[in-house]
Amino acid sequence: MSTPVYGTPYGAESRHPGWPAKPGPLLVTAGAVALRPVRLRDGGEWSRIRLRDREYLEKWEPTAAGPWTDRNAGWAWPAQWASLRSLARRGQCLPFAITVDGAFAGQITIGNVIRASLRSAWVGYWVSSELAGKGVATAAVALVTDHAFGAAGLHRLEATVRPENTASLRVLAKAGYRQEGLFRRYLDVAGAWRDHYCFAITAEETGEGLADRLVAAGRATRP
Ligand SMILES: CC(C)(COP(=O)(O)OP(=O)(O)OC[C@H]1O[C@@H](n2cnc3c(N)ncnc32)[C@H](O)[C@@H]1OP(=O)(O)O)[C@@H](O)C(=O)NCCC(=O)NCCS
């Protein structure tokens, strides 16, 4: 009996398999959660939410040059969007906006896509504080994971989370990610080198798919 091979080898089809795409929707407490490519016109909402949510977001995000108010001003979005779009066109990233009932609500990104015999990437996300605790991030992680292992042809996804980030740890547990270890002083977050737990999932572990699993667990429904 042959061993099933998950994921698509680099060069087997498109240079950016699974992109662009619009996974979802899944219905959760907050509303209908769906993913779509980030757009230039997301800048207004992106900036409004991120300037308001500075305290909520900054302590978990990688340290970057310049003040928060500059990096998250409306005028900063076009350069970020163009950079994400360029990476997506090269097959290195899948930068999704998370929408709830059609409105921009956050971002979920599959980044550092490596193909060949690794076919691996990381996943990162944030959601507007107005929607906290209503199942949005969990639904987005399930949708993006199913997409990564389906149309995008990947085999493994990793997520790294600070041990203090209770909400994000809960999201990964609910979505079905496995804790693999602790990376010491892994990432410069909020101005210091922070320990991170490494969570991961491979295609073989997803069975019928994480979105269907959320539905079966009563955490989401299909429209
Ligand atoms: C982490 C984040 C994306 C979660 O988004 P969300 O849409 O609220 O997530 P969900 O509603 O799907 O799930 C959150 C879970 O954490 C729980 N939770 C939230 N805050 C919590 C806290 N302070 N302590 C304990 N549990 C908490 C919620 O109750 C919920 O679990 P439940 O369904 O069992 O009740 C959001 O908080 C965020 O954007 N944080 C800032 C950025 C960030 O941390 N990104 C991830 C970096 S690894």
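All figures in this text were calculated on a predicted structure; none of them were measured in a lab. (Residues numbered from 1 in each chain as written. Predicted model: local features only at pLDDT ≥ 70, side-chain atom pairs only at ≥ 80, totals over all residues.)

A. Quick peek at the UniProt feature "domain: N-acetyltransferase" (unreviewed entry) in the protein chain. UniProt's feature table lists "domain: N-acetyltransferase" (unreviewed entry) at residues 47–204, given in the numbering used throughout. In this annotation, residues 47–204 is assigned 33% helix and 35% strand; the end-to-end C-alpha distance for the span is 38 Å. (UniProt positions renumbered as here; feature names shortened; annotations may be inferred. Helix = DSSP H or I, 4+ residues; strand = E, 2+ residues; numbered from the N terminus.)

B. Seen up close, the site of the ligand. Lining the immediate environment of the ligand, one finds 21 residues, of which Trp 60, Ala 137, Thr 138, Ala 167 and Arg 170 sit closest. Among the elements that line the shell around the ligand, the one with the most residues is helix H6 (residues 166–175), at five residues. Its residues assigned to classes, the shell around the ligand comprises 13 nonpolar, six polar and two charged. (Near = placed C-beta within 6 Å. Nonpolar A, V, L, I, M, F, W, Y, C, P; charged D, E, K, R; others polar.)

C. Quick look at the pairing of strand E4 (residues 103–114). Alignment of strand E3 (residues 94–100) against E4, held across seven bridges, turns out to be antiparallel. In the sheet register, Phe 96 faces E4, and the bridge partner there is Ile 108. Here E3 hands over to E4 after two residues, with Asp 101 in that stretch at a positive phi of 50°. Judged from the seven bridges that link them, E4 and strand E5 (residues 120–127) form a sheet pairing that is antiparallel. Within E5, the residue paired with Ile 114 across the bridge is Ser 120. With antiparallel pairing between neighbouring strands as the criterion, E4 and E5 make up a hairpin whose turn holds five residues, including Ala 116 at a positive phi of roughly 50°. (Pairing = 2+ DSSP bridges.)

D. Inspection of the environment of Val 123 at higher detail. Mapping Val 123 onto the fold places it in strand E5. By C-beta crowding, Val 123 is classed as buried, having 24 other C-beta atoms within 10 Å. Distance in space between the C-alpha atoms of Val 123 and Leu 94 is 9.4 Å, their sequence separation being 29 residues. Setting aside residues up to four positions removed in sequence, Val 123 forms contacts with Ile 108, Ile 110, Val 141, Val 144, Leu 157 and Ala 159. (Buried ≥ 20, exposed ≤ 12 C-beta atoms within 10 Å, placed from the backbone. Contact = placed C-beta atoms within 7 Å.)

E. Up close: the packing of helix H5 (residues 136–149) against H6. The geometry of H5 relative to H6 is characterised by a closest axis approach of 9 Å and an angle of 50° between their N-to-C directions. Judged on the interaxial angle alone, H6 and H5 are oblique. Crossing of H5 over H6 shows right-handed handedness. Along the contact surface, H5 presents Ala 137, Thr 138, Val 141, Ala 142 and Thr 145, while H6 presents Val 171, Lys 174 and Ala 175. Taken together, the residues that form the contact of H5 with H6 break down as five nonpolar, two polar and one charged. (Axes fitted to C-alpha atoms, helices over the stretch in contact; angles between N-to-C directions. Parallel < 35°, antiparallel > 145°, perpendicular 65-115°, else oblique. Left-handed = near helix turned anticlockwise from the far one by under 90°.)

F. Main features of H5. Along its 14 residues, H5 runs 20 Å from first to last C-alpha, staying within 8% of the 20 Å computed at 1.5 Å per residue. Burial runs high along H5: 14 of the 14 residues are buried. (Expected span 1.5 Å × (residues − 1).)

G. Spatial organisation of the nonpolar core. If you look at the biggest cluster of nonpolar residues, it comprises 55 residues, and the most contacted ones within it are Val 33, Ile 98, Val 136, Ala 139, Ala 140 and Val 144. Examining the composition of this core, we find that 10 residues originate from one element, H5, more than from any other. Sequence-distant contacts of Ile 98, that is, excluding residues within four places in its chain, are made with Val 33, Leu 35, Ala 105, Gly 106, Gln 107, Ile 108, Val 127, Val 136 and Ala 140. (Core = buried A, V, L, I, M, F, W, Y, C linked by C-beta atoms within 7 Å.)

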